[in-house]
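Descriptive analysis of the structure
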Amino acid sequence: MISEAAVWGIIGLPLAAGALAALALLPALRPLARASGYAAVLGVAGAFGLSLAALDSTLGADRAAGFAARSWLTVGDPASAGGFEVTVGLLLDPLSAVMVALVSGVSMLVMVFSLGYMRKEPGGEGGAWADYPRYFTYMSWFTAAMLGLVLAYNLIQLFVFWELVGLFSYLLIGFWYHRPAAAAAAKKAFIVTRIGDFGFMLALLYLYLHRAEFLAQGANPFEIPDILAVAPLLSAGVATWVALGILAGAMGKSAQFPLNTWLPDAMEGPTPVSSLIHAATMVAAGVFLVARMFPLFEESAVALNAVAIVGGTTAVLAAAMAIVANDIKRVLAFSTVSQLGYMFLALGVGAWQIAIFHLLTHAFFKCLLFLTAGSVHHSVHTFDMRYMGGLRAWMPLTYAATVIGALSLVGIAPLAGFWSKDEVLAAAWSADGAGSVLVSRLVFVLGMAAVFMTAFYVFRLLLMTFHGRFRGGIDAVPADELTPDEAILAGHVHRAESPWVMLLPMAVLALLAGVAGVALNAVGAFGPLPAHGLTHFLGGLSRDFDQGVAGLSTALALAGIGLAIAAHRRGVLGLTDLPRPWSVVHRFLAGRLYMDHLYETLIVRRLLYRGLFFAADWADRRLVDGTVDLVGWVGRNGGRAVAQLQTGQVQVYGVGVFMGVVVMLMLFMFQR
Amino acid sequence: MLTAIIALPLVGVALLLGFGTTAARARAIALGAVVAELALTAVLFAAYDGADGYSFIERADWIPALGVQYLLGVDGLSVPMVLLNGILGVAAVLSSWTVKERVREFFVWLLVLQAAVMGVFVSMDLILFFVFWELELLPMFLLISMWGTGRREYSAMKFLVFTFLGSAFMFAAILVLYFSLPAGERTFDMMALADSGLAGAIVPASLVFGGFLIAFAVKLPIFPLHTWLPDAHTDAPTAVSVMLAGVLLKMGGYGLLRINAGLFPGELVSAAPLLAVLAVVNVLYGAVVVMRQTDLKRMVAYSSVSHMGFVVLGLASVGATAGQFNGVGLNGAALQLFTHGIITGLLFVVVGLVYERAHTRHIPDMGGMARQMPLIAVVFLLAGFGALGLPGTAGFPAEIMVFIGGFTAYAWAAAASAFGIVLAAGYMLWAAQRTMFGPRLERWDGLRDANIVDMGAMAVLLVPMFVIGVYPRLLTDVFDAGLAPIVRGFGG
């Protein structure tokens with residue numbers, strides 16, 4: 001049995017390491033900037049070690065361990081309806097144990113990769129290590145907040161860490177704050193996710209409104225185990241509203257349609273940040289949250305259907321947008337949104353354990369793919385695939401890793417992605433969740449359609465980047481498309497493989513992206529591995545391998561791959577100069593369904609900024625304040641008759657006010 | 001103890017008049033006075049034992065014929081307010097380090113201001129309360145009109161007229177209250193009135209309640225009585241903005257809790273629907289107007305209007321049905337007073353530092369300043385995150401408590417107000433983007449980052465912002481004890 005202090009250490013070590021890394025921001029300690037990277041890696045490695053111990057502990061007899069929740073905020077008597085208490089504690093169970101191991105493990109790999117990647121080009125401002133302390137501080141603290149989120153015992157405590165990961169996401173997207181695009185993207189990410197958090201907040205308020213039903217059971221309306229235990233006893237509608245509010249928060253964090261617009265822009269952050277935060281961990285927090293609160297969702301078919309439809313729609317729309325993107329990171333970002341849609345789909349059809357399974361495999365292969373994108377950028381200094389091509393000639397290892405990640409993402413047996421995606425689709429097909437059967441079947445079709453699209457865009461990425469002839473890298477990018485930061489790098493294309501410190505994490509992730517499916521959740525007993533190990537461990541669900549679903553999805557995937565290869569042979573993979581109906585579709589998709597246009601131009605700029613905000617500001621100056629000035633003007637000018645009183649002396653006004661008071665007072669007296 | 005807290009800044013005034021002959025000496029004396037005052041308020045905070053009721057009572061006859069007393073006392077509601085005033089005093093003096101004109105007089109009036117506000121928070125006699133309430137006007141008026149910028153005379157006069165008007169209502173309310181009480185029970189003693197519950201039983205209780213409400217609504221401020229605030233803030237020197245946002249607005253909220261909620265619970269319940277509407281208007285209207293501001297100080301000023309709406313929402317929570325009522329909203333309102341004082345005080349300190357260096361507050365002219373002033377940029381961002389209620393900062397516990405309380409009474413009002421946190425994220429992060437981020441601009445290359453004095457001014461506010469954010473019980477337990485009798489007045 002792991003001790004409580006050790007579990008707190010999972011959060012505490014990265015926190016402390018981040019503080020240590022921050023010390024190198026002090027001018028006197030600048031020379032130690034390079035060491036801040038090592039401190040961060042050590043801190044998160046320690047957290048990873050403790051996470052494995054925690055996982056080991058939950059594998060034993062004590063599967064779930066909640067550690068005493070302490071009071072953080074109390075008003076009145078918490079046991080009475082007039083009281084209020086927020087507690088803070090740790091909830092260690094199979095779900096959180098798996099998540100902490102994943103988060104700390106992936107974070108460790110990404111930090112190692114960053115040791116190489118975040119090193120500036122020689123001649124960069126402030127020297128090669130100038131970005132190190134700030135970067136590793138943010139990354140360490142992000143990791144601590146993410147681990148805190150996963151281990152939270154109380155829903156308000158979870159919300160606290162939920163917002164904190166959003167803070168570090170903001171800081172890391174805007175890491176290069178001097179770039180206008182980065183600063184704008186950071187703000188957008190925070191605000192769009194906060195719109196979802198508004199729903200999360202309302203869910204918390206709604207829970208408290210029904211505290212009597214919790215108090216009757218001796219439960220706290222905010223403690224997660226209590227909520228889950230009381231969920232079946234809640235009066236009708238309560239579970240639905242709370243679940244829908246939580247879903248809104250999850251949709252914001254996991255960039256689900258229609259709150260998906262922030263994630264592609266978030267690619268303005270350094271690539272390892274995209275890899276850790278915007279692929280493997282934080283964006284999956286929405287999936288984790290729904291899985292965590294699943295017994296509550298299970299009480300409401302409406303909520304489950306909503307989750308499934310949101311997921312299915314997002315999976316298809318995002319995959320479609322990925323097809324037409326030319327920026328390698330944007331393709332991967334759309335792909336992440338799409339894959340998160342798969343996880344929501346799984347949650348919505350009642351298979352939360354499978355959603356977590358897909359969360360894990362996705363974390364491995366998508367994190368890997370982002371790192372390979374970073375590795376590619378290290379060589380050609382651009383993310384635009386139109387200026388890549390032929391890179392496998394000098395990046396054989398990066399190429400191999402990309403192939404593994406790509407096949408895993410497409411879902412080709414026996415790679416990890418195949419097993420998890422297949423289980424998601426099989427769960428949708430079997431439709432035995434608490435939601436509607438019709439919805440399950442509908443999202444099954446959407447999921448299958450997305451398989452085909454995924455295969456196409458993934459191979460489009462692979463072929464445009466690594467195959468064909470080299471199209472010049474950053475040197476070929478038109479000068480007016482370069483930001484000042486990029487322009488410095490022109491002429492620095494080096495045709496070489498990335499350093500080992502970047503390759504090593506990629507190798508580990510490639511291994512995981514390959515074997516994790518079989519190793520974690522084999523469909524049958526396989527050597528020492530139990531059948532359905534992960535889903536059993538998480539909560540007992542197991543599903544037989546569905547050959548029909550697997551066959552269909554593989555056929556669709558191969559068709560998508562074939563189409564991409566055919567297009568590559570004909571040299572039309574760039575998807576330019578399409579014939580008439582397709583060019584319209586292309587423009588619509590490349591314009592990201594015009595959602596940004598709708599939100600930013602039409603709603604925010606026109607309707608709000610030039611409309612409502614303008615009107616309110618005008619009203620405040622002219623009407624509200626204008627009335628005040630008018631009264632003052634009448635007073636001044638009307639008072640000319642008694643101009644002697646207008647001495648401007650405060651005392652005189654005071655006397656006037658006092659006299660007025662006396663008059664009012666007399667009126668009151670006579671009234672009685 | 002309490003007399004000492006009021007008197008200590010005045011001792012500082014005496015020392016300034018006696019020895020503050022040079023600017024350097026005046027600064028040193030002022031700093032010494034506010035630091036000693038902060039220490040004293042911290043001692044009071046530590047010594048307060050969370051007892052139900054009033055502590056450190058000092059009582060002396062003042063005008064025996066009328067029953068007016070020099071009566072001081074504190075409870076869990078006023079102790080944190082006193083501490084807040086102590087903290088902000090230090091921040092205000094440190095952020096006035098670069099005042100060049102008539103330095104001695106500046107600090108004299110700043111200390112008088114602090115003493116007057118202390119008096120408001122510790123007075124337990126209505127007449128004494130009113131005297132301190134009025135006493136604060138004079139230094140404010142002079143500080144804005146003499147050391148301000150822009151249309152300072154206009155703004156100072158506007159501040160004065162608005163507050164005077166409100167005060168007139170309060171004074172009338174106090175006298176009507178006194179004479180309406182049964183003959184043998186006439187008193188200005190707020191503690192006795194709160195305990196006896198007689199105030200709410202008088203005949204024109206709603207009139208008296210309304211008089212107090214208007215006076216405090218001007219101060220807080222509540223729409224549509226807020227328009228003095230942006231002007232006063234914009235044209236005031238930094239330290240005065242800090243004090244204005246930090247404690248002067250809080251006098252309004254304190255008065256609402258102490259008098260409107262404490263003495264007239266029945267009236268407050270009747271007024272709760274109106275307050276709920278006004279809360280939503282304050283929060284959303286304030287936030288919407290912020291978006292169009294191009295002056296950094298005006299922006300922060302309107303954000304104060306928005307955030308004071310949360311205090312009003314907390315008060316409106318008393319409108320809940322009997323089974324639903326809880327003290328969370330009132331506690332949230334009190335905590336919001338404290339945390340807003342800290343956070344907005346910090347924002348004004350930082351804005352002052354930017355203005356002092358760049359000589360502009362026009363947001364579109366700024367940009368990229370994080371390059372030249374990384375420390376100031378970081379603190380601006382932290383204060384902004386505090387203002388948008390990020391967990392980990394003090395703003396979060398206050399806001400969630402207000403929402404929780406408000407939601408149990410008027411779910412629509414709480415939900416609408418809670419949307420204010422999205423708008424706050426919008427304007428705060430947009431402001432950060434436009435001022436601090438973006439490409440380096442050469443015209444700011446000469447700007448220096450914060451020096452040790454500036455760091456002190458920021459640190460004295462940053463520390464409580466995070467301490468309360470990480471462990472709010474340090475403060476909420478105190479408020480809980482102080483508000484318990486008031487909450488009982490509503491049947492909670």
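The preceding data block contains the structure.
So, about the environment of Glu486 of chain A. Residues and elements named next belong to chain A. If you trace the backbone, Glu486 turns up in helix α20 (residues 484-487). Note on Glu486: relative accessible area 22%, which makes it partly exposed. In the structure, Glu486 is positioned 200 residues away from Gly286 in sequence and 34 Å away in space, judged by C-alpha atoms. Here Glu486 is in contact with Ile474 and Glu481, once residues within four sequence places are set aside.

For the rest of this paragraph, the subject is the interface of chain A and chain B. By a widespread convention, an interface's size corresponds to the accessible area lost as its parts come together. With 63 residues of chain A at the contact, the number on the chain B side is 74 residues. Linking chain A to chain B there are one salt bridge. Taking the shortest distance from any N to any O, the salt bridge between Asp625 of chain A and Lys158 of chain B comes out at 2.6 Å. The tally of links between chain A and chain B comes to 17 residue pairs in polar contact (both at pLDDT 80 or more). Of all the secondary structure elements, the ones that give two or more residues to the side of chain A that touches chain B are β1 (65-75), α5 (155-173), α6 (180-209), α25 (595-638) and α26 (650-671) of chain A. Broken down by element, the residue count for the side of chain A that touches chain B peaks at 16 residues, all from α6 of chain A. In terms of residue class, the side of chain A that touches chain B is made up of 45 nonpolar, seven polar and 11 charged.

Since there are 3.6 residues in each turn of an α-helix, residues three or four apart along the chain are aligned in direction. All names here are of chain B. With eight of 10 residues buried, helix α5 (residues 126-135) is to be regarded as a mostly interior element. Within the sequence span of α5, burial applies to Leu126, Ile127, Leu128, Phe129, Phe130, Phe132, Trp133 and Glu134. Structurally, the start of α5 carries an N-cap: the backbone nitrogen of Ile127 is 2.9 Å from a side-chain oxygen of Asp125.

Next up on the list: the nonpolar core. Residues and elements named next belong to chain A. Judged by nonpolar contacts, the single largest core of 461 residues is most densely connected at Leu155 and Phe297. Look past the residues within four positions of Leu155 in its chain and what remains in contact with it is Phe200, Leu204, Leu207, Phe222, Ile224, Ile227, Ile246, Leu289 and Met293. One finds Ile474, Val477, Leu482 and Leu489 within the second-largest nonpolar core, a separate group that totals five residues.

We now examine unusual backbone geometry. Across the junction of Leu220 of chain B and Pro221 of chain B, the peptide omega takes the value -5°, indicating a cis bond. As for its placement among the helices and strands, Pro221 of chain B is situated in the loop between α9 (205-219) and α10 (228-235). Phi at His381 of chain A takes a positive value of approximately 60°, unusual for a residue other than glycine. You can call His381 of chain A buried: its relative accessible area is 3%.

Residues and elements named next belong to chain B. Under the definition given, this model contains nine cavities of 30 Å³ or more. Volume-wise, the largest cavity comes out at about 80 Å³. Elements that contribute at least two residues to the lining of the largest cavity include exactly α13 (296-316), α14 (328-358), α16 (374-387) and α17 (395-409). In the lining of the largest cavity, the residues fall into three nonpolar, eight polar and one charged.

Definitions and limits used
Residues numbered from 1 in each chain as written. Chains lettered and ligands numbered in written order. Predicted model: local features only at pLDDT ≥ 70, side-chain atom pairs only at ≥ 80, totals over all residues. Heavy atoms only, no water. Helix = DSSP H or I, 4+ residues; strand = E, 2+ residues; numbered from the N terminus. Buried < 20%, exposed > 50% of the residue type's maximum accessible area, 1.4 Å probe, protein only. Contact = heavy atoms within 4.5 Å. Salt bridge = Lys/Arg side-chain N within 4 Å of Asp/Glu carboxyl O. Polar contact = N/O pair within 3.5 Å; in protein donor to acceptor, adjacent residues only side chain to side chain. Nonpolar A, V, L, I, M, F, W, Y, C, P; charged D, E, K, R; others polar. Core = buried A, V, L, I, M, F, W, Y, C linked by side-chain atoms within 4.5 Å. 1 Å grid on protein atoms, 1.4 Å probe; cavity = no way out; pocket = protein on both sides within 12 Å on 5 of 7 lines; lining within 4 Å. Points joined across faces, edges and corners; volume = space filled by probe spheres on them.

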